[in-house]
Amino acid sequence: MGSEERRGLTLVYTGNGKGKTTSALGTVLRSAGRGFNVKIYQFIKSPERTYGEKIALEKLGVEMVQLGRGFTWTKTPEEHREALRTGWPEAKAAVMSGEFDLVVLDELNNALAINKFPIDDVLPLDEVLSMIRNKPQHVHLIITGRDAKKEVKNLADLVSVVEAEKHYYDEGIPAVKGIEF
């Protein structure tokens, strides 16, 4: 990025409505267009599935890494814990490296909100907060997902809450190719 001093912002997209990841990807598109080096980590989505956004981003030279095991009943808590244990250090290292102008931690809020099994030893909230506080000055950070922790929101420069007023799922329409995936 040129010689100008820039303060990297922390943006949080949370809430129960559809559009949190989509908002983050809109910013990714804008950043990539400006020549930013961008990396995206998804904490819940699994590399076993194909996502339209990943296909498009690869064409733009933006890598999207799925760290999770997916929302599936066939995976055990230990499998999810292992994904967090190995994925969190990788994502944190990318933020702290200063190599990227923008890092998206998609669904990190969802992961931090897991309460069906212990996660603090594999995804410690204190480490997440420390990363936000101590990231390199120029790095922009986007954190998405439902149920953002109050402590994460307090450190953010922007918090947008996406709420659903109406959703086609309620009409029995399932996930739509090109819209959800």
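Placed above this text is the structure.
Residues numbered from 1 in each chain as written. Predicted model: local features only at pLDDT ≥ 70, side-chain atom pairs only at ≥ 80, totals over all residues. Heavy atoms only, no water.

Participant: An account of the nonpolar core is requested, with residue identities and associated values reported.
Facilitator: Counting residues in hydrophobic clusters, the biggest one holds 32 residues, and the most contacted among them are Y41, F43, L105, L123 and V152. Those elements that place two or more of their residues in this core are α3 (77-97), β4 (102-106), α4 (108-112), α5 (125-134) and β5 (140-144). Excluding anything up to four places from it in sequence, L105 contacts Y41, F43, A91, V95, M131, L141, I142, I143 and T144. Listed in part, the 14 residues of the second largest apolar core include A24, L25, L57 and L102. (Core = buried A, V, L, I, M, F, W, Y, C linked by side-chain atoms within 4.5 Å. Buried < 20%, exposed > 50% of the residue type's maximum accessible area, 1.4 Å probe, protein only. Helix = DSSP H or I, 4+ residues; strand = E, 2+ residues; numbered from the N terminus. Contact = heavy atoms within 4.5 Å.)

Participant: Tell me about the side chain of D106, and please be specific about residues and values.
Facilitator: Note on placement: D106 falls in strand β4. Judged by relative accessible area, D106 falls into the buried class, the value being 1%. A distance of 2.8 Å separates polar atoms of two side chains, one belonging to D106 and the other to Q42. Among all residues touching D106, those that are not within four sequence positions of it are T21, Y41, Q42, F43, K45 and T144. (Polar contact = N/O pair within 3.5 Å; in protein donor to acceptor, adjacent residues only side chain to side chain.)

Participant: Outline the pattern of salt bridges, supporting the account with residue identities and numerical values.
Facilitator: Applying the stated rule across the entire model yields 10 salt bridges. Close ionic contact of E107 with K45 constitutes a salt bridge, the shortest N to O distance being 3.1 Å. Taken together, the residues E107 in the loop between β4 and α4 and K45 in the loop between β2 (38-42) and α2 (52-59) connect sequence positions 62 residues apart. By the burial criterion, E107 is buried, and K45 matches it. (Salt bridge = Lys/Arg side-chain N within 4 Å of Asp/Glu carboxyl O.)

Participant: Provide a residue-level description of the packing of α3 against α5, including the pertinent values.
Facilitator: Interaxial distance between α3 and α5 falls to 10 Å at its minimum, and their mutual angle equals 15 degrees. By the criterion of interaxial angle, the relationship of α3 to α5 is roughly parallel. Two packed elements cross with a definite hand, and for α3 against α5 that hand is left-handed. Contact residues: α3 offers W88, K92, V95 and M96, while α5 offers E127, V128, M131 and N134. Of the residues belonging to the contact of α3 with α5, the class tally is five nonpolar, one polar and two charged. (Axes fitted to C-alpha atoms, helices over the stretch in contact; angles between N-to-C directions. Parallel < 35°, antiparallel > 145°, perpendicular 65-115°, else oblique. Left-handed = near helix turned anticlockwise from the far one by under 90°. Nonpolar A, V, L, I, M, F, W, Y, C, P; charged D, E, K, R; others polar.)

Participant: Give me the lowdown on α3, citing residues and values where you can.
Facilitator: For α3, spanning 21 residues, the distance from its first C-alpha to its last is 30 Å, which sits close to the expected 30 Å at 1.5 Å a residue. Along α3, the sharpest change in direction is near 25 degrees and occurs at G87; proline P89 comes one to four residues later. Turning to α3, its buried residues number three or more, namely H80, R81, A83, L84, G87, W88, A91, A94 and V95. Buried residues along α3 sit against β2, β4, α4, α5 and β5. Looking one or two places after α3, you find G98, whose phi comes out positive at around 75 degrees. (Expected span 1.5 Å × (residues − 1). Bend = angle between axes of the 7 residues up to and from the residue.)

Participant: Could you give me a rundown of unusual backbone geometry, with the residues and numbers involved?
Facilitator: Unusually for a residue other than glycine, E107 sits at a positive phi of about 70 degrees. Residue E107 is classed as buried on the basis of its relative accessible area, which comes to 9%. Look at D147: it is not a glycine, yet its phi comes out positive at around 60 degrees. The residue D147 is located in the loop between β5 and α6 (150-155) in this model. Look at D147 and you get exposed, because its relative accessible area is 51%.

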